[in-house]
Amino acid sequence: MSDATEANGTAGAAEAAGSGPTGQRHVRVVLVDDHRMFRTGVQAEIGQTAETGVEVVGEAADVDQAVTVITATRPEVVLLDVHLPGGGGVEVLRRCSALTADPERPVRFLALSVSDAAEDVIGVIRGGARGYVTKTITGTDLVDSIFRVQEGDAVFSPRLAGFVLDAFASTDAPPVDEDLDRLTQREREVLRLIARGYAYKEIAKQLFISVKTVESHVSAVLRKLQLSNRHELTRWATARRLV
């Protein structure tokens, strides 16, 4: 699918939400992720409508494309990556807030991200997402999560719900970490995976980027944090409970 096609999406409503032509459950979904290979994989895994009931009606690779295709197709559920060019998933949620609040045909968002960091989870939930699952989820569980979100449930990968409960139970604003704020979202992802002991090749596969790009991100992180090697980086991340 070309970027132009992604931006335009597949307009027009299908059968009534919740049921397909044979009476089986049915949901219209938009995929928002800046990695084409990942979108293709998700489409192949869940987009066999006759089997799963999931109809992928559009795709987008950045914030502007996402807002365009979501507005044009009005899906029941959007699978939303947290880290996107143009402002991230939170910006998509902000710009689509009127669709989310529509009492007749609400567009519901399910975050689907490689990140399991508390600040990412809390950020998109505060922004209006109905759930948050990580990219380690199986295709079967993802389909189930999509239908649960369509029905209005809140869905989380194991342990992530605790972040949300803790955040909304506390009236204290989280402390600002100026060192962490120097890093881009992608650099934070690489930082966490390095701290967890992943090799560069494993990180590249996990994030759908090249090994050379991983090396560039690690160098940038070490420079910004004024650290010398990955061992110091691991200690730094562990001390801040980022692992």
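Here, every reference points to the structure presented above.
These numbers were taken from a predicted model, which means no experiment stands behind them.

Caption draft 1: Main features of helix H14 (residues 230-239). By the burial criterion, the buried members of H14 are Leu-233, Trp-236 and Ala-237. Along H14, the residues classed as buried sweep out an arc of 95° about the axis, all on the same side. Opposite the packed face of H14, turned more than 90 degrees from it, sit the exposed residues His-231, Arg-235 and Ala-239. A distance of 3.0 Å separates the backbone nitrogen of His-231 from a side-chain oxygen at the start of H14, and that oxygen is part of Asn-229.

Caption draft 2: Broad picture of the pattern of salt bridges. Summed over the entire model, instances satisfying the criterion amount to eleven salt bridges. The partner of Glu-119 in a salt bridge is Arg-188, with the nearest N and O atoms 3.8 Å apart. In this pair, Glu-119 sits in helix H7 (residues 118-127) while Arg-188 sits in helix H11 (residues 185-195), placing the two residues 69 residues apart along the sequence. Residue class for Arg-188 comes out buried when judged on its relative accessible area of 12%. As a salt-bridge pair, Glu-119 and Arg-192 come within 2.5 Å of each other at their nearest N and O atoms. In this pair, Glu-119 sits in helix H7 while Arg-192 sits in helix H11, placing the two residues 73 residues apart along the sequence. On the basis of relative accessibility, which here comes to 32%, the residue Glu-119 falls in the partly exposed class. Judged by its relative accessible area of 4%, Arg-192 is buried. Salt bridges linked by common partners bring Asp-33, Asp-81 and Lys-135 together as one network.

Caption draft 3: Spatial organisation of the packing of aromatic side chains. Under the definition given, this model contains one aromatic pair. For the ring pair Phe-38 and Phe-208, a centre distance of 5.6 Å and an interplane angle of 65° mean the geometry is edge-to-face. Residue Phe-38 is found in helix H2 (residues 36-46), and its partner Phe-208 is found in the loop between helix H12 (200-207) and helix H13 (211-225); the two are separated by 170 residues along the sequence. Residue Phe-208 is classed as partly exposed on the basis of its relative accessible area, which comes to 33%. Above the ring of Phe-147, the side-chain terminus of Arg-25 is found at 3.9 Å from the ring centroid. Taking NZ or CZ as reference, Lys-135 lies 4.1 Å from the ring centre of Phe-38, over its face.

Caption draft 4: The sheet that holds strand E1 (residues 27-32), seen in detail. Strand order in the open sheet formed by six strands is E2-E1-E3-E4-E5-E6, with parallel pairing between adjacent strands. For this open sheet the edge positions go to strand E2 (54-60) and strand E6 (155-156), each flanked by a neighbour on one side alone. Both strand E5 (residues 131-134) and E6 contribute to a ladder of two bridges, which runs parallel. Note on E6: the bridge partner recorded for Gly-131 is Val-155. Most of the contacts of helix H8 (residues 139-150) go to strand E4 (residues 108-113), to which it runs at about 150°, and overall it touches E1, E2, strand E3 (77-80), E4, E5 and E6.

Cut-offs applied
- Residues numbered from 1 in each chain as written.
- Predicted model: local features only at pLDDT ≥ 70, side-chain atom pairs only at ≥ 80, totals over all residues.
- Heavy atoms only, no water.
- Buried < 20%, exposed > 50% of the residue type's maximum accessible area, 1.4 Å probe, protein only.
- Helix = DSSP H or I, 4+ residues; strand = E, 2+ residues; numbered from the N terminus.
- Arc of directions from axis to C-beta.
- Polar contact = N/O pair within 3.5 Å; in protein donor to acceptor, adjacent residues only side chain to side chain.
- Salt bridge = Lys/Arg side-chain N within 4 Å of Asp/Glu carboxyl O.
- Phe/Tyr/Trp six-rings, centres within 6.5 Å; stacked < 30°, edge-to-face > 60°.
- Lys NZ or Arg CZ within 6 Å of the ring centre and 35° of its normal.
- Pairing = 2+ DSSP bridges.
- Contact = heavy atoms within 4.5 Å.
- Axes fitted to C-alpha atoms, helices over the stretch in contact; angles between N-to-C directions.

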